[in-house]
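# Architecture and fold: a report
Given next are the chains, with one letter for each unit.
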Amino acid sequence: MPRPSAQTAVLLASPDDTETQFYEALQHADLDRLMQLWADEDEVACVHPGGPRLVGLEAIRAGFEQVFGNGAIPVHPERVRRLESGDCAIHHVLERVQVGDPAARTSTVAWVIATNVFLKTALGWRLVLHHASPGSASDVQELMADGDTLH
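This text gives an overview of the structure that appears in the document. (Residues numbered from 1 in each chain as written. Predicted model: local features only at pLDDT ≥ 70, side-chain atom pairs only at ≥ 80, totals over all residues. Heavy atoms only, no water.)

## Regarding the nonpolar core
- By size, the foremost hydrophobic cluster in this structure holds 31 residues, and its most contacted members are Phe-22, Leu-26, Leu-34, Trp-38, Ile-60 and Phe-64.
- Breaking this core down by element, the ones donating at least two residues are α2 (15–28), α3 (31–36), α4 (57–68), β4 (88–99), β5 (108–121) and β6 (124–134). (Core = buried A, V, L, I, M, F, W, Y, C linked by side-chain atoms within 4.5 Å. Buried < 20%, exposed > 50% of the residue type's maximum accessible area, 1.4 Å probe, protein only. Helix = DSSP H or I, 4+ residues; strand = E, 2+ residues; numbered from the N terminus.)

Below is the structure:
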């Protein structure tokens, strides 16, 4: 699998850059571009909503090939919460997915809760984990603690 060039790394100068390109690749069913965003590490992992854990680039590629067999994914990240420390960044994302045909007015919105983990590499920020779980309309309204620690 071809790896990205140093020129591409400039485009991935931040975790936000990588995340933006990840969602654009999903929206266009661009498997090659999507795979260029992953770190070249044995332990990279992906979990699709309701699916098994896919570990390694080959398994992740096969998983997205299957997903893209149904076409592009009209997914849009919303309410991204970010935590960055050194060479690692974690993004908690509420994803809005358009399901059905908007032109036929038969579409609805589905919600997915995702965690994207990025690692800063020599080639820029790369994805090391995408874990997505089914969400619901109630997930749109985030519950926030009032500053008290909850365990």
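Text resumes after the structure shown.
## Here we look at a negative patch on the surface
- A surface patch of negative charge is lined by Asp-40, Glu-41, Asp-42 and Glu-43.
- Relative to the helices and strands, Glu-41 is located in the loop between α3 and β1 (45–47).
- Here Glu-41 falls in the partly exposed class, since its relative accessible area comes to 41%. (Patch = residues over 30% accessible without salt bridge, like charges linked within 9 Å, V, L, I, M, F, W, Y side chains within 5 Å. Areas by Shrake-Rupley, 256 points an atom, 1.4 Å probe, with all protein chains shown as cover. Salt bridge = Lys/Arg side-chain N within 4 Å of Asp/Glu carboxyl O. Lys, Arg positive; Asp, Glu negative; His and termini not counted. Charge placed at Lys NZ, Arg CZ, Asp CG, Glu CD.)

## Some thoughts on the pattern of salt bridges
- Evaluation of the coordinates by the stated rule reveals four salt bridges.
- Here Asp-16 makes a salt bridge to Arg-82, at a shortest N to O gap of 2.8 Å. Here Asp-16 is found in helix α2, whereas its partner Arg-82 is found in strand β3 (residues 75–85), with 66 residues between them in sequence.
- Judged by its relative accessible area of 31%, Asp-16 falls in the partly exposed class.
- One salt bridge connects Arg-96 with Glu-78, and the closest N-O pair in it is separated by 2.5 Å.

## Section: the pairing of β6
- Strand direction decides the pairing type here: β1 and β6, joined by three bridges, are parallel. From the neighbouring strand, Cys-46 faces β6, where its bridge partner is His-130.
- Across 10 bridges, β5 lies against β6 in antiparallel orientation. Note that in β6 the partner of Leu-119 across the bridge is Arg-126.
- Between β5 and β6, which pair antiparallel one after the other, the connecting turn spans two residues. (Pairing = 2+ DSSP bridges.)

## Notes on the side chain of Glu-19
- Along the chain, Glu-19 turns up in helix α2.
- Buried and unpaired, Glu-19 has no salt bridge, with Arg-82 as the nearest side chain of opposite charge at 4.9 Å.
- Those residues in contact with Glu-19, other than ones at most four positions away along the chain, are Val-80, His-91, Val-93, Asn-116 and Phe-118. (Contact = heavy atoms within 4.5 Å.)

## Some remarks on the sheet that holds β6
- One open sheet accounts for six strands, arranged β2-β1-β6-β5-β4-β3; its pairing is mixed. With one partner strand each, in any of the chains shown, β2 (53–55) and β3 form the two edges of the open sheet. When the angles between neighbouring strand axes are averaged without regard to direction, this sheet yields 20 degrees.
- Across 12 bridges, the pairing between β4 and β5 is antiparallel. Bridging from a neighbouring strand, Val-97 pairs with Ala-110 of β5.
- The strands touched by α2 are β3, β4, β5 and β6; relative to β3, the strand with the most contacts, the crossing angle is about 155 degrees.
- Across the sheet, α4 lies against β1 and β2, angled at about 130 degrees from β2, the strand it touches most. (Axes fitted to C-alpha atoms, helices over the stretch in contact; angles between N-to-C directions.)

This is a description of form; function is not addressed.
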